Amino acid sequence: MTQVLMVASEAIPFAKTGGLADVVGSLSPTLLAQGEQVAVLMPRYRGISVQGLPRVYEDLRVWFGPDCYVSHLYRAEHRGVPYFLLDNPALFERDGLYQDPNGVDYPDNYLRFAVLSGAALIVVRHLFRPQVIHCHDWQAALVPVYMRTRFGLDPTFMGIKTLLTIHNLGYQGLFPPSILPKIGLDPGLFRPEALEFYGQVNLLKGGLIYSDAINTVSRKYAEEIQTPELGFGLDGVLRERSDVLSGILNGVDYSEWDPRVDRYIAARYSAEDLEGKRACKADLINELGLSTGLETPLIGIISRFAGQKGFDLIEEIAPRLLEHDVAVAALGSGDPSYERMFTDLAAAYPGRVAVRIAFDEALAHKIEAGADIFLMPSRYEPCGLNQIYSLRYGTVPVVRATGGLDDTIDTDTGFKFNGYTGEALLEAVRAALAAYQNREQWRRMMLAGMRKDYSWSASAIEYAAVYRRLVE
Ligand code: ADP
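The present account deals with the structure reproduced in this document. Computed from a predicted structure; not experimentally measured. (Residues numbered from 1 in each chain as written. Predicted model: local features only at pLDDT ≥ 70, side-chain atom pairs only at ≥ 80, totals over all residues. Heavy atoms only, no water.)

**Details of the overall build of the chain**
What counts is decided by this rule: Each helix corresponds to a stretch of at least 4 residues labelled H or I by DSSP, and each strand to a stretch of at least 2 residues labelled E; elements are numbered beginning at the N terminus. We take the radius of gyration over the C-alpha atoms and set the globule estimate at 2.2 Å times the residue count to the 0.38 power. Burial classification: accessible surface area is computed with a 1.4 Å probe over protein chains only, and a residue below 20% of its type maximum counts as buried, one above 50% as exposed, and the rest as partly exposed. Contact between two residues is taken to exist if any of their heavy atoms lie within 4.5 Å; hydrogens are not considered. Accessibility throughout is a Shrake-Rupley quantity obtained with a 1.4 Å probe, and a residue counts as covered only by protein chains that appear here. His is not counted here, nor are the chain ends, while Lys and Arg score as positive and Asp and Glu score as negative. Working definition for charges: the position is that of NZ of Lys, CZ of Arg, CG of Asp or CD of Glu.
Counting its regular elements, the chain contains 17 helices and 18 strands. Taken over the C-alpha trace, the chain has a radius of gyration of 23 Å; the compact-globule value for 472 residues is 23 Å, and the two agree within 12%. With respect to the three principal axes, the spread of C-alpha positions in the chain is 65 × 45 × 40 Å. Looking at the chain residue by residue over its 472 residues, the buried ones come to 60%. Partitioning the contacts of the chain with sequence separation of at least 6, the portion at a separation of at least 24 is 70%. With the model as given, the accessible surface of the chain reaches about 18,000 Å², and the carbon-plus-sulfur share is 50%. In the chain, 46 side chains carry a positive charge and 58 a negative one; their mean positions are 3 Å apart.

What follows is the structure, given as structure tokens:
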């Protein structure tokens, strides 16, 4: 049994903007069930009620030079996992997790998550002594930096190991060099072998250098980030640490994402009885005001609207795609230019293209169940969850062969294309549309996908093995 403290900026059911929240919220109870001892530290954002929760630490003081940030810690529990919620209204009581409602990053994000990382060390000192601190993304990357620099001689932290998980290398926490003293770090760390990155401070880079082990969320992505094409300038650092870098695929939570038990969808179904999927499709067509019939293949898209996700390819091929008898149901929000692209498409093809600009959990489930094809043409994809959900819902994925998309989709369960071009995407979608016309072939593909098992247990075993290697 290993004692593990996870430090993360989001976790379901408390706060979520993306896959990271699913991972932290699902991996931790699975590890617990397998006998590890796990606790999670995360911020208490607006919207997380602490009413009735015990306050387990008063006046938690994080000092950065002369500045002191005073927080309280509340203890919550979810699926048996203790959560320490860091309560500091000045830092976390805001509209968004990282950005204001206009999509602009909060200017003090470096400070907010430096306080989270500093608080982790106080939790370790006073509340929960782990053998491993498992840090997620740049928001927690300062934990190993503090441990190995500021507190390098502090006996409290000797023998404690750190693992840093990269959920998306595209987000690194880049700030001007002037922040270093404000977050309690020696300005001498502003050098290329430490936190300097092309004239800026790179918090993720600090974590990559000072942590004991690193992993990312698929094997393919672990390889890709060591190349200049997908290394975001950190490929050299990652190559240097390749001996401690591994890829562990995310699992999915089938208690939430399985048409057998899904509480959001119009009818339940399974690999043994597919009948309900038609009702789900009819329900989705109705909800989105599409005018196509049940025989027309329906393509689903659920995504953050970000450059990473390959929407420029969709824009490029849309007119040619829509020459086919096909309908599109898209759900997402983010970059206004992609939001506009989808609303323009919906206006140009009324009844055939429907888009909802929103973050809508229920609709996400309905699209997974109601669509025939799921489209994910990402430029890069560390793991990706929606294509794995799609498999279980018998919604055949069309994906670009990158990162976790390549690791989770095979030729018997979906369609893959390699080059990042509109032509390659169009060819893959056309292959899917042709296969759809062959009922028996399509059914075989649906069933092959539905029988795949990407539950958390296998991934949790791999994480536990990494922890064990670290503490041995
Ligand atoms: P990423 O973490 O890059 O956003 P993933 O595919 O790993 O991509 O995870 C995305 C998660 O967020 C999935 O659980 C997906 O269902 C959910 N999601 C993304 N956008 C929306 C949306 N607009 N409405 C509801 N859920 C969404």
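Once you've had a look at it, read on.
**Topic: the packing of helix α15 (residues 422–437) against helix α16 (residues 439–450)**
Rule in force here: The axes are straight lines fitted to the C-alpha atoms, using for helices just the contacting stretch, and the angles between their N-to-C directions are given from 0 to 180°. Relative orientations are named as follows: roughly parallel for angles under 35 degrees, roughly antiparallel for angles over 145 degrees, roughly perpendicular for angles from 65 to 115 degrees, and oblique for any other angle. Gly falls in the polar group here, along with every residue not listed as nonpolar (Ala, Val, Leu, Ile, Met, Phe, Trp, Tyr, Cys, Pro) or charged (Asp, Glu, Lys, Arg).
Packing of α15 against α16 brings their axes to within 5 Å, and their N-to-C directions diverge by 110°. Taken together, α15 and α16 sit at an angle that is classed as roughly perpendicular. Where α15 abuts α16, its residues Ala432, Ala435, Tyr436 and Gln437 lie against Arg439, Gln441 and Trp442. For the contact of α15 with α16, the class distribution of residues is four nonpolar, two polar and one charged.

**Some thoughts on unusual backbone geometry**
Cis peptide bonds are those with omega within 30 degrees of zero, and the linkage from Ile12 to Pro13 qualifies with 5°. Secondary-structure assignment places Pro13 in the loop between β1 (3–7) and α1 (19–33). One non-glycine residue, Asp137, lies in the positive phi region at around 60°. Relative to the elements of secondary structure, Asp137 occurs in the loop between β6 (132–136) and α4 (142–148). Classification of Asp137 by relative accessible area gives buried; the value is 10%. Despite not being glycine, Tyr198 has its phi angle at roughly 45°, a positive value. Note on Tyr198: relative accessible area 71%, which makes it exposed.

**Concerning the environment of Gln200**
One can find Gln200 in strand β10 (residues 200–202). By relative accessible area, Gln200 is classed as partly exposed at 31%. Separated by 21 residues in the primary sequence, Gln200 and Ile179 have C-alpha atoms spaced 9.8 Å apart. For Gln200, the residues in contact, after removing those within four places along its chain, are Leu174, Phe175, Phe190 and Leu195.

**Overview of the sheet that holds strand β14 (residues 327–334)**
The line we're drawing: Note on pairing: two strands pair once DSSP finds at least 2 bridges between them.
An order of β15-β14-β13-β16-β17-β18 is seen for the six strands of this open sheet, with the pairing classed as parallel. The strands lining the two open edges of the sheet, one partner per strand, are β15 (353–357) and β18 (415–417). With strand direction ignored, the average angle separating the axes of adjacent strands in the sheet is 15°. With two bridges connecting them, strand β13 (residues 298–305) and strand β16 (residues 373–376) associate as parallel partners. Residue Ile299 lies in a different strand from β16, and its bridge partner there is Ile373.

**Side note on the site of the ligand**
The condition is simple: By convention in this text, a residue qualifies as near a molecule or strand provided that one of its non-hydrogen atoms is within 4 Å of it. Each polar contact in these results corresponds to two N or O atoms within 3.5 Å; when the atoms are within protein, one needs to be able to donate a hydrogen and the other to accept it, and residues that are neighboring in sequence are counted only if both atoms are side-chain atoms.
Neighbouring the ligand are 20 residues, the closest being Gly19, Arg304, Lys309, Ala358 and Asp360. Within the backbone of Leu385, a nitrogen or oxygen atom sits 2.9 Å from an oxygen atom of the ligand. In isolation the ligand has 560 Å² of accessible area, and contact with the protein removes 93% of it. If you list the elements that add at least two residues to the shell around the ligand, you get α1, β13, β14, α12 (361–370) and α13 (386–392). With three residues, the top contributor of residues to the shell around the ligand is β13.

**Focus on the packing of aromatic side chains**
Given two aromatic rings, one states the distance between the centres and the angle between the planes to describe the pair. Let me state the cut-off plainly: Classification of ring pairs rests on two measures: the distance between centres of Phe, Tyr or Trp rings, Trp counted by its six-membered ring, which must be within 6.5 Å, and the angle between planes, read as stacked under 30 degrees, edge-to-face over 60 and tilted in between.
Following the criterion strictly, the structure yields 20 aromatic pairs and no others. When the ring of Phe14 is compared with that of Tyr83, the centres are 4.7 Å apart and the planes differ by 55°; the resulting orientation is tilted. With Phe14 in the loop between β1 and α1 and Tyr83 in strand β5 (residues 81–87), the pair connects residues that are 69 residues apart, well separated along the chain. Judged by its relative accessible area of 0%, Tyr83 falls in the buried class. The rings of Tyr45, Phe92, Tyr98, Tyr110, Phe113, Trp138 and Phe175 are connected pair by pair, giving a single aromatic cluster.

**A few points about the pattern of salt bridges**
Worth spelling out the cut-off: Any carboxyl oxygen of Asp or Glu within 4 Å of a side-chain nitrogen of Lys or Arg constitutes a salt bridge here.
Scanning the model with the defined rule gives 29 salt bridges in all. Asp95 serves as the salt-bridge partner of Arg46, at 2.7 Å between the closest nitrogen and oxygen. Linking Arg46 in the loop between β2 (37–43) and β3 (55–64) with Asp95 in the loop between α2 (89–92) and α3 (109–126), this pair joins segments that are 49 residues apart in sequence. Of the residues examined, Asp95 reaches a relative accessible area of 58% and is grouped as exposed. Among the salt bridges present, the one from Asp212 reaches Arg148, with a minimum N-O distance of 3.0 Å. Within this pair, whereas Asp212 is found in the loop between α6 (203–210) and β11 (213–216), its partner Arg148 is found in helix α4, the two being separated by 64 residues in sequence. For Asp212, a relative accessible area of 22% translates into the label partly exposed. One salt-bridge network, held together by shared partners, links Arg44, Arg46, Asp87, Glu93 and Asp95.

That is the geometry; function is a separate question.
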